[in-house]
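# Close look at the chain arrangement
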Amino acid sequence: TAQKILFIKGSPDKLFPMATTYDSLFNQVEWNSRVEELSLQGKRVVAVGYRLIPDGVDEITHDSLSSGITFLGLAGIIDPPREEVIGSLREMRKAGVEVKMITGDHPLTAKTIGEKLGLADNISVITGPKWDKMSEEEQKKAALKYQVFARTTPKNKLEIISALQANDKITAMTGDGVNDAPALKKADIGVAMGITGTEVSKDASAMILSDDNFATIIKAVLNGRNVYRNILNAILFLLSGNLAAIFVVLFCSIFALPTPFEPVHLLFINLLTDSLPALAIGMEPTDRSLLKNKPRDPKRGFLTKAFVTKLVMYALPIAIVTIVAFYMGYEKSAMT
């Protein structure tokens, strides 16, 4: 019968402890230096080995592969980041959005890619095994401290999202695989890839990128901020006009003047000066200067001190001009 050979591939960290012989001129220490060399080039390193299967053995378990592997060599795979991703990350940072990388790659590979992307000024890396040894409180601090999480498992991804949320952070998670689904579901905004993403990841997400382009996310951020700005401006416009009317009626009531507005006047104001301009304000196009603003606190209402101050400053001139015009007309009619 033909000799059965089982070929194995995986991360060097997992395969090296399983190898008992090396089918090459290098030993494990020298191969480790090769792993670091490839990782510093930003390459994903895959180790390859084999094991001869004795006759009569039909089933191979994971435990039986803990040793006896003959190591063959390494493969360095590189997936260069798209140019638009680098620009998008730069805009994300300007917009006050912090981006973190969660990957199963070697720590050196992840750090090199993070530096190429401009993920942060000083990138710090933590691995999944080190994360697992931390307490819940330590994980909460580490989630803010580190920008790159390497050699992570699906469980680690879920815990990282939970730790960020425990720090009152609004989290958005991007992913395309089945193992990303729990973290995508847990995140405040799960973002799946529409082309390469699995159906499981799409079902678990709140948003799907139809073009699989990370740069689309910054467009979504810009659109979201534009919608919120337009809503605030429309509310400010409507309230300032109505507040001015209240000031006018209040002034006339205090000084025992006649009613300044007839019903037809109020209908005219609501029809023309409220509805159409408010709709126009709500349709304002996006402005990239919005990305310079810091993310707003979702717990804070829109009636802030700055908003109320602006509202009163808009309403007062309208009210003053209306009162003066009404009083002048009233005095003239009284004299005649």
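These notes cover the structure that comes with them. Every value quoted in this text rests on a predicted model; they were computed, and no experiment measured them.

Moving on, we come to the pattern of salt bridges. Summed over the entire model, instances satisfying the criterion amount to seven salt bridges. The partner of D180 in a salt bridge is K157, and the shortest N-O contact between them spans 2.6 Å. Of the two residues, D180 is situated in the loop between strand 8 (172-175) and helix 8 (181-186) and K157 in helix 7 (residues 154-166); the sequence distance between them amounts to 23 residues. Take D180: its relative accessible area is 7%, and that puts it in the buried class.

Here we take up the nonpolar core. Generally speaking, a soluble globular protein has its nonpolar side chains buried in company with each other. With 23 residues, the main nonpolar core has L89, M101, L117 and L119 as its most contacted residues. If one sorts the elements of this core by residue count, helix 3 (residues 83-94) sits on top with four residues. Residues in contact with L117, not counting those within four places in the same chain, are P81, V85, I86, L89 and M101.

Let us now look at a nonpolar patch on the surface. Together, L239, F302, L303, V308, V312, L316, I320, V324 and M328 make up an exposed nonpolar region whose accessible area comes to about 750 Å². Topologically, V308 is positioned in helix 12 (residues 305-335). Assessed through its relative accessible area of 35%, V308 is described here as partly exposed.

Turning our eyes to something else, we now look at the sheet that holds strand 7 (residues 148-150). Paired through backbone hydrogen bonds, the strands of a sheet run either parallel or antiparallel to each other. If you walk across this open sheet you meet the three strands as 5-7-6, and the pairing is parallel. Of all strands in the sheet, those with a lone pairing partner are strand 5 (101-102) and strand 6 (125-127), marking the two edges.

Spatially, the three strands line up as an open sheet ordered 8-9-10, and their pairing is parallel. Pairing within the sheet leaves two strands with one partner each, and these edge strands are strand 8 and strand 10 (207-209). Each strand axis lies, on average, 25° off the axis of its neighbour in the sheet, ignoring direction. Where strand 8 and strand 9 (residues 189-193) come together, four bridges link them in parallel fashion. Residue pairing across strands places A172 opposite I189, the latter belonging to strand 9.

Looking now at the packing of aromatic side chains. The full count for this structure, using the stated rule, is six aromatic pairs. Both rings, one in W31 and one in F71, keep their centres 5.1 Å apart while their planes meet at 70°; by these two values the pair is edge-to-face. Taken together, the positions of W31 in helix 2 (residues 28-40) and F71 in strand 4 (residues 69-77) put the pair 40 residues apart, joining distant regions of the chain. Residues W31 and F71 agree in their burial class; the two are buried. Geometry around Y228 places R296 over its ring, the cationic atom sitting 4.0 Å from the centre.

Definitions and cut-offs
- Residues numbered from 1 in each chain as written.
- Predicted model: local features only at pLDDT ≥ 70, side-chain atom pairs only at ≥ 80, totals over all residues.
- Heavy atoms only, no water.
- Salt bridge = Lys/Arg side-chain N within 4 Å of Asp/Glu carboxyl O.
- Helix = DSSP H or I, 4+ residues; strand = E, 2+ residues; numbered from the N terminus.
- Buried < 20%, exposed > 50% of the residue type's maximum accessible area, 1.4 Å probe, protein only.
- Core = buried A, V, L, I, M, F, W, Y, C linked by side-chain atoms within 4.5 Å.
- Contact = heavy atoms within 4.5 Å.
- Patch = residues over 30% accessible without salt bridge, like charges linked within 9 Å, V, L, I, M, F, W, Y side chains within 5 Å.
- Areas by Shrake-Rupley, 256 points an atom, 1.4 Å probe, with all protein chains shown as cover.
- Pairing = 2+ DSSP bridges.
- Axes fitted to C-alpha atoms, helices over the stretch in contact; angles between N-to-C directions.
- Phe/Tyr/Trp six-rings, centres within 6.5 Å; stacked < 30°, edge-to-face > 60°.
- Lys NZ or Arg CZ within 6 Å of the ring centre and 35° of its normal.

Such coordinate-based values are descriptive only and should not be taken to indicate function.
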